[in-house]
Amino acid sequence: MTATTFRVDGIPAPQGSKRHVGRGILIESSKALKPWRERIAWTARELGVPLRTGAVTVQLAFVMPRPVSTPKRRTPPAMRKPDLDKLTRGVFDALSGLCFEDDARIVDLRATKRLAAVGEQPGLTITIADLTEELA
């Protein structure tokens, strides 16, 4: 099976902490998370991304919205929230059982986060490959 690369447009949402609301009920802190995970899963289904059953390598390239206050001549690193690990968690939950059996199958991960260039849309580029394949 060859490596699969696809893009999901939209503002990446982190999967952060859960909030206790009483009687043992926990809810996700971010209201944007569920629609973001649904968009990721829908895109993978629409493109026919195959389910991988063995060990996989994953590359995630997040493009965060460019703040209005960012200078137009240069793009600084994306060093503000959300945290990169929280962004990856939401993606893994969206793709588990769809592109790989479980996120425990991910044995090699590369994740990056940057601000969008001037005029660029925020989103995420995902590459999934079997462990034996080389990622570009």
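This is a predicted model, so every value here is computed, not measured.

As for the nonpolar core
The nonpolar side chains of soluble globular proteins are, as a tendency, buried together.
Phase 1 of the analysis: Within the largest apolar cluster, 27 residues are counted, with the highest numbers of intra-cluster contacts made by Ile40, Val91, Leu95, Phe100 and Ile126.
Phase 2 of the analysis: When residues of this core are traced back to their parent elements, those giving at least two are strand S1 (4-9), helix H1 (33-46), strand S4 (56-64), helix H2 (84-95), strand S5 (106-115) and strand S6 (123-130).
Phase 3 of the analysis: The contact partners of Val91, leaving out residues within four places of it in the chain, are Trp36, Ile40, Leu60, Phe62, Leu124 and Ile126.

Considerations on the pairing of S1
Phase 1 of the analysis: Because side chains alternate across S1, one face comprises the buried residues Thr4, Phe6 and Val8, and the other comprises Thr5, Arg7 and Asp9, none of which is buried.
Phase 2 of the analysis: The sheet contact formed by S1 and S6 spans 6 bridges and is antiparallel. In the strand pairing of S6, Val8 is matched with Leu124.

Re the side chain of Thr127
Phase 1 of the analysis: If you trace the backbone, Thr127 turns up in strand S6.
Phase 2 of the analysis: Within the structure, Thr127 has its side chain in polar contact with the side chain of Thr5 (distance 2.9 Å).

Focus on unusual backbone geometry
Phase 1 of the analysis: The residue after Lys81, namely Pro82, is reached through a cis peptide bond having omega 10°.
Phase 2 of the analysis: Turning to its location among the elements, Pro82 is positioned in the loop between S4 and H2.

A word on H1
Phase 1 of the analysis: With 14 residues, H1 should cover 20 Å at 1.5 Å per step; its first-to-last C-alpha distance of 20 Å lies within 8% of that length.
Phase 2 of the analysis: Listed in full, the buried residues belonging to H1 are Leu33, Trp36, Ile40, Ala41, Thr43 and Ala44. Across the axial projection of H1, the buried residues extend over an arc of 160°, all falling on one side. Set apart from the buried face of H1 by more than 90 degrees, the exposed residues are Lys34, Trp42, Arg45 and Glu46.
Phase 3 of the analysis: Directly beyond the C-terminal end of H1, a positive phi value near 70° is found at Gly48.

Things to note about the environment of Val118
Phase 1 of the analysis: With respect to the secondary-structure elements, Val118 resides in the loop between S5 and S6.
Phase 2 of the analysis: Each C-alpha atom, one on Val118 and one on Pro71, is 9.4 Å from the other, the two residues being 47 residues apart in sequence.

Some details on the sheet that holds S1
Phase 1 of the analysis: Sheet architecture is open: 4 strands sit in the order S1-S6-S4-S5, paired in mixed fashion. A single partner strand is all that each edge strand has here, and the edge strands are S1 and S5. On average, each strand axis in the sheet is inclined to that of its neighbour by 15°, with strand direction left out of account.
Phase 2 of the analysis: The strands that H1 touches are S1 and S6; relative to S1, the one it contacts most, it runs at about 140°.
Phase 3 of the analysis: Along the sheet face, H2 touches S1, S4, S5 and S6 and points at about 125° away from the line of S4.

Focus: the pattern of salt bridges
Phase 1 of the analysis: A complete count under the given rule lists 6 salt bridges for this structure.
Phase 2 of the analysis: Linking Glu101 and Arg105 is a salt bridge whose minimum nitrogen-to-oxygen distance equals 2.4 Å.
Phase 3 of the analysis: Residue Glu101 is classed as partly exposed on the basis of its relative accessible area, which comes to 36%.
Phase 4 of the analysis: Residue class for Arg105 comes out partly exposed when judged on its relative accessible area of 33%.

Definitions and limits used
- Residues numbered from 1 in each chain as written.
- Predicted model: local features only at pLDDT ≥ 70, side-chain atom pairs only at ≥ 80, totals over all residues.
- Heavy atoms only, no water.
- Core = buried A, V, L, I, M, F, W, Y, C linked by side-chain atoms within 4.5 Å.
- Buried < 20%, exposed > 50% of the residue type's maximum accessible area, 1.4 Å probe, protein only.
- Helix = DSSP H or I, 4+ residues; strand = E, 2+ residues; numbered from the N terminus.
- Contact = heavy atoms within 4.5 Å.
- Pairing = 2+ DSSP bridges.
- Polar contact = N/O pair within 3.5 Å; in protein donor to acceptor, adjacent residues only side chain to side chain.
- Expected span 1.5 Å × (residues − 1).
- Arc of directions from axis to C-beta.
- Axes fitted to C-alpha atoms, helices over the stretch in contact; angles between N-to-C directions.
- Salt bridge = Lys/Arg side-chain N within 4 Å of Asp/Glu carboxyl O.

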